[in-house]
Structure formats: C-alpha cells, structure tokens
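Single-letter residue listing:
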Amino acid sequence: MPLHTDNSFIPGDALSSATTMDIVLDALKELVDYELAVVLGWDGKDTLRVHTAAGPLSSPRLAKFSLSLSGRPDLEALLRADRPKLFSEGEDHVDTYDEVLDLPEGHSCLVSPLILHGRTIGLLTLDNRRCGVFEPSVVSFIGVVSRLIAVALAQGEAARALRTQNETLAEERNRLLGQDSDAFRDFAGTSPAWLEVIGLIKLVAAADTPVLLLGETGVGKEEAARVLHRLSPRSDGPFVALNCSALPASLAESELFGHEKGSFTGAQGLRKGRFELAAGGTLFLDEIGELPAEIQPKLLRALQEGCFERVGGERPVYTDVRIIAATHVDLNKAVAEGRFREDLFYRVSVFPVRIPSLRERGQDVLQLAELFLSRLRLRSGWSEAYFSPEALDGMLRREWTGNVRELKNAVERAVILARGGRIEAVHLQNSEWQPGRTREQTGSDQASSLSREPGLNREFFPLAAALGSPRAVPASSSGSEADSADRAQPAILPLKEVQRRYVEAVLAFCEGRVYGPQGAARFLEIKPTTLQSMMDRLGVDRKGRKQG
Ligand SMILES: Nc1ncnc2c1ncn2[C@@H]1O[C@H](COP(=O)(O)OP(=O)(O)OP(=O)(O)O)[C@@H](O)[C@H]1O
C-alpha cells in the first residue's frame, strides 16, 4: 500500500475526543468480541458519564447515561483496586446499564478502570449477551488497552477544554472591543454603604460560590459582577453576560446552551451558548427572575451537574462556570407566586449582596459624576468641561431614581448643553425626558420651579413650552382640593398632538438637527431613523413646523 501523503494535518484539525474514542473502540472490536463497549468519564467527584458507546447494543439513550458512584460501592471498589474484572457466569453483580438495556442473566461482562498516573479518569465496560465470550486471557490485554484509553480520554478532554477556552476568550475579547465598554474602568464610591458592598464582594470573590446581586435598576449590578469576576481566581477566564428578561423560551434555551447544526430552521451551524462561552470563567445572568419557566429546570440541572445538552443535541456538554445572577425584582415573591422555582432560587441565592441605590450613597454621587466627566473630557471639544459649585450641589440634592445610569446619562447630556465648558445646575436639571426629581421635590414642584424661570423654561423645558400649559406635570395625588383644581386646569390633548408639539419643540431647540451629539434623536434617546419616521407620521419637518 502506498504511503498516505496528505500532510495537511495541523493541530487545529486534531481529532475530537469522541472521534478518537470511536476509532479506538472500533479497532478493539477486531480483537474482542463485544456487543457493547462503553467508555465512561469520571467528573472527579461522584459521577461516571457515558463518553462513547459502540457496538450493536449501543443506543441514543445510552449516550445520556450517567451513574453515581455513591450508589455503586462495587464499582468504587473496582476503581480503587485498579484492575480489570471479568464477571464469571453465575457470579452475581449489578447490571450497570439496567435502566436502559435489558441484558440476559449470565451474559459476558468485563469492567476495567481507566487510571492515569494513579488518577481515576473513568471506566471501560464490555458486554456480550452470550455467556463466556470473554476468555480470562483477554483480561490482562484489556488492562493494557485501558491504560491507553485513559491517556486518550484525558488528552482529549484537556484539548477540548483548551480549545473551548481559546474560542471563548477570542469571542469575549471581540465582543468587548466592539463596545464602548466600562468593564475596565473604576468602581467609584467611598460611602459606608458602598464600602460594605466592596467588603462583601472581596470576601466572596475568592470562593466559587454563586452570588445573587440585588438592587434597583441602574445601581451598578453588572458593574459589581464584573469587579467580582476580576477579583476572582477566574479572572483569566471570560466574563459572559446574558440578560434573561424579554427572552422567549425558545431563544433563551439556545442563548444559554447553544444549538446544534440544523436543530431548527435557520440553525446553519453549531452555535455555542453562553454556558459554553463562559467555560473557566463567570456567567452573569441579569434579571434572572424573568427567565422563562420552561428553561428554569434546564438551568437548574446545568448548575447542579455542570452539564447540559445543546438545543437539538444529544451529547451532554460539560462546563465549569461560576454563576453571578442579578435581579431588581423580589425573587422571594416570584417564588411565592410560582413564577420562579424554589430549588433554583436556593441554588442561585447562596450569597446575596444588595447593591445600594444612589440615594443611600451620599457623596458618592459626586465621585461618580467626576468619574463620568473625566471620561467625557477625553472626547474632542470637551476637555475643558467642569462642574460649577451649584451643579455639584444640585447633583447631591437630586433624587436619582434611575441611579448611576441616570447620573451617567445626565452628566453626558449636561456636557453637551454646556458646550464642553462650565456645567451649571440647570444643565443637569434638564429632566423632562427622564423621571429624576430633586430629593425635596415632587414631580409637580419640579415642573413649577422650572417654570418660575421663563427663559430656562423655554430653553430647557420644551414640553411645558410646547403645550403652553401652566402645569405640564400632573399634580401630586394627595387628594386635596387644590390638587383637584390643578388637575382640572390643563386641556387634555390627544397623545398624537402632544407628541407632535413635543417633537416640534425639541427640533426647534436643536435648530432642526436630527442626527449627531446635539441632534434631537440623541436628546429623545431614540434612533435618528425612528425620529425621522415619527416626524413623517406626525407631519413635522426638520425645522419643527407642521407640514401641509
Ligand atoms: N461604581 C461604578 N463606577 C462606575 N460606573 C458605574 C458604577 N456603577 C454603575 N456604573 C455604570 O452605570 C451604568 C449602569 O450600571 P449597571 O448596568 O451595572 O447597572 P444594573 O444595576 O446592572 O442595571 P439594570 O438593573 O438595569 O440591569 C453602567 O453604564 C455602569 O458602567
């Protein structure tokens, strides 16, 4: 036979562990007359799972088979003895594959530990329905083969882990490079409430314990999760985040666990889920309380056993990830209402950490504002931006309902309004298009205090100006007579008319600009294309006049 000359083999093409094992068991079949050969891998704790099964008796059910060693002291003893064992005819023994296979009594059965340098790697079993098929002479041969299989199994698993880690790192790096990410920035704050959080994060970071971050929206739960990851022994591994809210069950499963090629229409290739991408690192599950009920048992299994199947896949996939979950809803209530599984709740909430709201963090507001401003100063035209004393005071007094996220956005908006110069309190007070209020004020107080300064009102409070109403914000719901009178005062306009007038006013304020940092879309926090179609729908042109 001529020598095979294809030398295009490169490490990246290395055979998968499963293929290697298929080849080995196939070759073994030529020497040993088995009907079922199974290689089981050991998870290092208690479980043996089928890695490869070959022979006419193997079946897809077997591929999912696993067994607990604590329930099988006979197998544990066999692994300890590190010697193959041939079960003789009539010898009583527990049938390993009892649950999935019906083998006749007295069938031939040979079991051999897979041990490498004294470390248990797994187990090899050979079965044949007929009695006495395996000669005693075959036992020592299988002992030698088992050592080779142990090497192949260990190397295959190591190569797989390395490959997954490489891919994950590359994917995560690309993802981070593609964003304006805050992942590597400071974690500002020195208030007692914040220092307590830092203390807890430092404490729990080193352990592999699941952490549950609780807190209002925008308080910095994801930021805290990133810091926790960076402080943990997994910091060299990836940090992968998934927002569980608004994910339909079908999408959530494939996002979490990936899918096999052709598992559903449009699944053109194998795609790894976040669990696999996070291997060796941390998986951050944001808004875990919103996870669809159908997925919760699958997540529980992945957390408990470290294994799952890709959508459309049969082979179990194993990963080692640390879970950090976050929620802004009360998970206890979700459990009581049956929306969240209790067992999953206990699994993820081993170490809860509450991230305080900005209201509880005192002077941290100023540190954070300075931090955000220092980042913005790096942008062209804004290097001279600074806060006036009144602006600093206003920030301290304001009730930041949207927390750090709201503060961050407000600082950016203020820099734009201040045209990269001195930021006044009024630049930060511009909150018609967000729900922030000063700590002392109600919504109506805020509207009226703004309207007390006519120029300010016109320039920075376009809704009130646009509607021509003395009170654009409804009165507080104290139920007093004065309140009822206030409520009755403004004419109620159709929503479309309010939208039209408001868009016109914002456009006028932006001098007809739709795009760019000082464009209306930016202020309205919508895409310019969305604003354009809204303008078409409302009949408003760029100069803010009604068309037609
Ligand atoms: N201590 C901090 N230092 C710097 N930036 C922070 C800090 N905390 C939060 N941020 C920034 O504030 C914004 C909101 O934070 P984050 O997304 O972590 O909040 P969250 O609590 O996870 O919000 P949600 O509940 O909406 O998911 C992000 O842009 C984040 O980078």
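The shown structure was predicted, so the numbers you read here are calculated from the model rather than taken from an experiment. (Residues numbered from 1 in each chain as written. Predicted model: local features only at pLDDT ≥ 70, side-chain atom pairs only at ≥ 80, totals over all residues. Heavy atoms only, no water.)

**What about helix H1 (residues 17-29)?**
Each α-helix turn comprises 3.6 residues. Residues three or four places apart therefore point the same way. With 13 residues, H1 should cover 18 Å at 1.5 Å per step; its first-to-last C-alpha distance of 18 Å lies within 8% of that length. Among the residues making up H1, those that are buried are Ser17, Met21, Leu25 and Leu28. In an axial view of H1, the angular spread of the buried residues amounts to 60°, which keeps them on one side of the axis. (Helix = DSSP H or I, 4+ residues; strand = E, 2+ residues; numbered from the N terminus. Expected span 1.5 Å × (residues − 1). Buried < 20%, exposed > 50% of the residue type's maximum accessible area, 1.4 Å probe, protein only. Arc of directions from axis to C-beta.)

**Overview of the environment of Phe134**
Looking at where Phe134 falls in the secondary structure, it is placed in the loop between strand E6 (119-128) and helix H4 (137-177). Using a relative accessible area of 5% as the deciding quantity, one classes Phe134 as buried. For the pair formed by Phe134 and Asp33, sequence separation is 101 residues and the distance between their alpha carbons is 7.5 Å. When near neighbours in sequence (up to four residues on either side) are disregarded, Phe134 contacts Val32, Asp33, Tyr34, Leu86, Ser108, Cys109, Leu110, Leu126, Asp127 and Asn128. (Contact = heavy atoms within 4.5 Å.)

**Overview of the nonpolar core**
For soluble globular proteins, nonpolar side chains are generally found buried alongside one another. Ranked by size, the top nonpolar core spans 42 residues in total, and within it Phe387, Met395, Leu407, Val411 and Ile423 carry the most contacts. Listed by contribution, the elements that provide at least two residues to this core are helix H12 (364-376), helix H13 (389-397), helix H14 (403-417), helix H20 (495-509), helix H21 (520-524) and helix H22 (528-538). The two domains that each donate at least three residues to this core are domain 3 (361-440) and domain 5 (494-548). Core analysis: the second largest hydrophobic core is formed by 33 residues, Phe275, Leu300, Leu331 and Val335 among them. (Core = buried A, V, L, I, M, F, W, Y, C linked by side-chain atoms within 4.5 Å. Domains from an automatic or database assignment.)

**A few points about the sheet that holds strand E11 (residues 282-286)**
Hydrogen bonds between backbone atoms are what pair the strands of a sheet, whose relative direction is either parallel or antiparallel. Ordered in space as E8-E11-E14-E7-E15, the 5 strands form an open sheet in which the pairing is parallel. Unpaired on one side and paired on the other, strand E8 (239-243) and strand E15 (351-354) mark the two borders of the sheet. Across the sheet, the axes of successive neighbouring strands diverge by a mean angle of 20°, strand direction being ignored. Relative to E15, strand E7 (residues 211-214) runs parallel, the two sharing 4 bridges. Bridged to Leu213 within E15 is Val353. (Pairing = 2+ DSSP bridges. Axes fitted to C-alpha atoms, helices over the stretch in contact; angles between N-to-C directions.)

**Focus: the confidence of the model for the protein chain**
Where the model shows low pLDDT, its predicted coordinates should not be examined in detail. Within the protein chain, residue pLDDT values average 79, and 78% of them lie at 70 or more. Every residue in residues 431-462 scores below 50 in pLDDT, and together they form 69 contacts with partners more than four places removed in sequence or on other chains. Overall, residues 468-490 carries pLDDT values under 50, and its contacts beyond four positions in sequence, including any with other chains, amount to 20 contacts. (pLDDT = per-residue confidence, 0-100.)

**Topic: the packing of aromatic side chains**
The tally for this structure, following the rule as stated, stands at 6 aromatic pairs. The interplanar angle of 25° and the centroid separation of 5.5 Å between the aromatic rings of Phe257 and Phe275 together place this pair among those described as stacked. One end of the pair, Phe257, is in helix H7 (residues 249-257); the other, Phe275, is in helix H8 (residues 274-277), and 18 residues separate them in sequence. Here a set of aromatic residues connected by ring pairs shows up, and it is made of Phe257, Phe275 and Phe308. Across the ring face of Tyr34, the terminal group of Lys29 is positioned such that the distance to the ring centre comes to 5.1 Å. Lying over the aromatic face of Trp194, Arg361 brings its terminal NZ or CZ to 3.5 Å of the ring centre. (Phe/Tyr/Trp six-rings, centres within 6.5 Å; stacked < 30°, edge-to-face > 60°. Lys NZ or Arg CZ within 6 Å of the ring centre and 35° of its normal.)

**Considerations on the pairing of strand E1 (residues 36-42)**
Summarising burial for E1: 6 of the 7 residues are buried, a large majority. Pairing between E1 and strand E2 (residues 47-54): 6 bridges, direction antiparallel. When the bridges of E2 are listed, Ala37 appears paired with Ala54.

**Some points on the pattern of salt bridges**
All chains considered together, the criterion is met by 33 salt bridges. A salt bridge links Arg49 to Glu305; the shortest N-O distance between them is 3.9 Å. With Arg49 in strand E2 and Glu305 in helix H9 (residues 296-305), the pair connects residues that are 256 residues apart, well separated along the chain. Exposure remark for Arg49: the relative accessible area of 9% places this residue in the buried category. Notably, a salt bridge pairs Arg226 with Glu222, separated by 3.1 Å at the nearest N-O pair. Residue Arg226 and its partner Glu222 are both found in helix H6 (residues 221-231); the two are separated by 4 residues, about one turn of the helix. For Glu222, a relative accessible area of 29% gives the class partly exposed. Three or more residues are tied together by salt bridges with common partners; here these are Arg49, Arg301, Glu305 and Glu309. (Salt bridge = Lys/Arg side-chain N within 4 Å of Asp/Glu carboxyl O.)

**Some points on the sheet that holds E2**
If you trace the 6 strands from one edge of the open sheet to the other, you get E3-E2-E1-E6-E5-E4, paired in antiparallel fashion. The open sheet terminates on both sides in strands that have one partner only, identified here as strand E3 (66-68) and strand E4 (85-87). The average undirected angle you get between the axes of adjacent strands in this sheet is 20°. On the sheet, H1 packs against E1, E2 and E6 and is oriented at approximately 60° with respect to E2. On the sheet, helix H3 (residues 73-81) packs against E3, E4, strand E5 (108-116) and E6 and is oriented at approximately 55° with respect to E5.

**Quick word on H3**
For H3, the set of buried residues is Leu75, Leu78 and Leu79. Burial along H3 is one-sided: seen end-on, the buried residues are contained in an arc of 100°. Opposite the buried face of H3, at more than 90 degrees from it, the exposed residues are Pro73 and Arg80. Residues of H3 that are buried make contact with E3, E4, E5 and E6. Where H3 ends, the next residue or the one after it, Asp82, has phi of about 50°, a positive value.

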